[in-house]
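# A look at the structure
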Amino acid sequence: MKNWKKRTKAVHAGTRRSQYGEVSEAVFLTQGFVYPSAEAAEARFEALGEDEFIYARYGNPTVRMFEDRMASLLGYEDAFACTSGMAAVSGALMAMLKAGDHVVSSRALFGSCLYVLEDILARFGVEITLVDGTDNAAWDAAIRPDTTLVFLETISNPTLEVVDLRHVCDSAHKVGALVLVDDAMATPIYSYAAECGADLAMVSTTKHVDGQGRMLGGLIAGNKDLVRGPIETYMKHTGGAMNPFTAWTHLKALETLDLRVNQQSSTTLAITEALDGHPKLNAVRYPTHSGHPQHELARAQAESGGTVLALEVKGGKDACFKFLNALELFTISNNFADAKSIVTHPATTTHQRLPQDQKDLLGISGGLVRLSAGLEDAGDLIDDLLAALDAI
Ligand SMILES: *Cc1c(COP(=O)(O)O)cnc(C)c1O
């Protein structure tokens, strides 16, 4: 199984069949499990065998199939599936940290990640230092001998900043700090977290894995010692385990993940090229495109820049809203990686609550649009965007 390519792993890895030999993965919608005897129950509570379960908050066969398949796809030994991406991020942080610890994190973060670090963890006595994630020297200066953990988004949401992951991992590991990455934007198909040395990768499976706007889900991947040690212990007692029905829809969605992500990525690049240099735009940003200030790093780290691009409309919020409202095919929403193409105005939605000085620091301007390419025809999407830019 180790030598399988990602496309094969996404279809087959982790499959467990029941005694009926079903072809499609079974959904075990059960909270609990029965024991053949009192002795068997006692033994199972003492130590769990490979195919033994106790309670769905601890584990479930359908969820376990999904965890094994995702771990294989991401290149990690094991994974724990959670109710959402934020349950994964907050669970991993809470499981690994204690009062007095020092965390270094990139500043360009998803709004809820920033809240967990700056508000929740700070309340429990964890010291946080935020750095410009694109600046290797800033990471080196902020990581101290007593730093316990480093956190970052491999590609930041919504500004698409790229972190030199190998450099940050080396710098963190020199002082014995763990590296946790939020890998949502990189996509599980193009993820490079494991090969660059990140200890734990958290994924919002709400995004590319579901890919069809239905399910919330998340996952924490890493080596067995961490995942079945502190992570599982924290998650099983605090109640963030994934629902078996979600795991089942995710397993079926994984069968088409590679097809979808490849198609959506090539459409995103085609849109970037079509809009690059447009007179109504200040900038178009896509990690691996030559117009992105870090495209060389992005290309060295990943085969593709993913399924999201950022653009900045000239004329600020007013012009930007005219553009958004003139779109016919793109829907205005706040998710990404859906089969339907989506535009988001971060300054007034996902990042509305950030103070203006923080928005300025992160480049979340009134003209910034996050664009997620879906599975529609690329030419139709480009026509829609060009017509809406004309309408400004
Ligand atoms: C969406 C997202 C999350 C949160 O995921 P949910 O599944 O919505 O909880 C966390 N981090 C990043 C970078 C995201 O894009």
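Calculation notes
- Residues numbered from 1 in each chain as written.
- Predicted model: local features only at pLDDT ≥ 70, side-chain atom pairs only at ≥ 80, totals over all residues.
- Heavy atoms only, no water.
- Helix = DSSP H or I, 4+ residues; strand = E, 2+ residues; numbered from the N terminus.
- Core = buried A, V, L, I, M, F, W, Y, C linked by side-chain atoms within 4.5 Å.
- Buried < 20%, exposed > 50% of the residue type's maximum accessible area, 1.4 Å probe, protein only.
- Domains from an automatic or database assignment.
- Contact = heavy atoms within 4.5 Å.
- Near = heavy atom within 4 Å.
- Polar contact = N/O pair within 3.5 Å; in protein donor to acceptor, adjacent residues only side chain to side chain.
- Areas by Shrake-Rupley, 256 points an atom, 1.4 Å probe, with all protein chains shown as cover.
- Buried area = accessible area lost by both parts, 1.4 Å probe.
- Nonpolar A, V, L, I, M, F, W, Y, C, P; charged D, E, K, R; others polar.

Attention now goes to unusual backbone geometry. Along the chain, Asn157 connects to Pro158 via a cis peptide bond; the corresponding omega equals 10°. With respect to the helices, strands and loops of the structure, Pro158 is situated in the loop between strand 4 (147-153) and helix 7 (165-174). The phi dihedral of Thr187 falls on the positive side, at around 75°, and the residue is not glycine. Residue placement: Thr187 occurs in the loop between strand 5 (178-182) and helix 8 (193-196). With phi around 75°, Ala337 is a residue other than glycine that occupies positive phi space.

A general feature of soluble globular proteins is that nonpolar side chains tend to end up buried together. Phe66, Leu93 and Phe151 are the most contacted members of the largest nonpolar core, which has 92 residues in total. The residue makeup of this core includes at least three contributed by each of domain 1 (6-254) and domain 2 (257-390). Contacts of Leu93, omitting those with residues within four sequence positions, involve Val116, Leu117, Leu121, Leu149, Phe151 and Leu180. Core analysis: the next-biggest nonpolar cluster, separate from the first, contains 23 residues, Leu275, Leu281, Val284 and Leu324 among them.

So, about the site of the ligand. Surveying the vicinity of the ligand reveals 14 residues, the closest of which are Gly85, Asp182, Ser204, Thr206 and Lys207. In the model, an oxygen atom of the ligand is placed 3.1 Å from a nitrogen or oxygen of the Asn157 side chain. The separation between an oxygen atom of the ligand and a polar side-chain atom of Lys207 is 2.8 Å. Within the complex, 91% of the 380 Å² of free accessible area of the ligand lies under protein.

This brings us to the domain arrangement of the protein. Along its sequence, the protein is carved into domain 1 (6-254) and domain 2 (257-390). The distance between the C-alpha centroids of domain 1 and domain 2 comes to 27 Å. Counting from both sides, the interface comprises 38 residues of domain 1 and, opposite them, 38 residues of domain 2. Between domain 1 and domain 2 the total buried area reaches about 3100 Å² when both faces are included, carbon and sulfur atoms providing 62% of it. Run the count over domain 1 and domain 2 and you get 17 residue pairs in polar contact (both at pLDDT 80 or more). The element best represented in the side of domain 1 that touches domain 2 is helix 5 (residues 111-123), accounting for three residues. Considered class by class, the residues forming the side of domain 1 that touches domain 2 number 20 nonpolar, 10 polar and eight charged.

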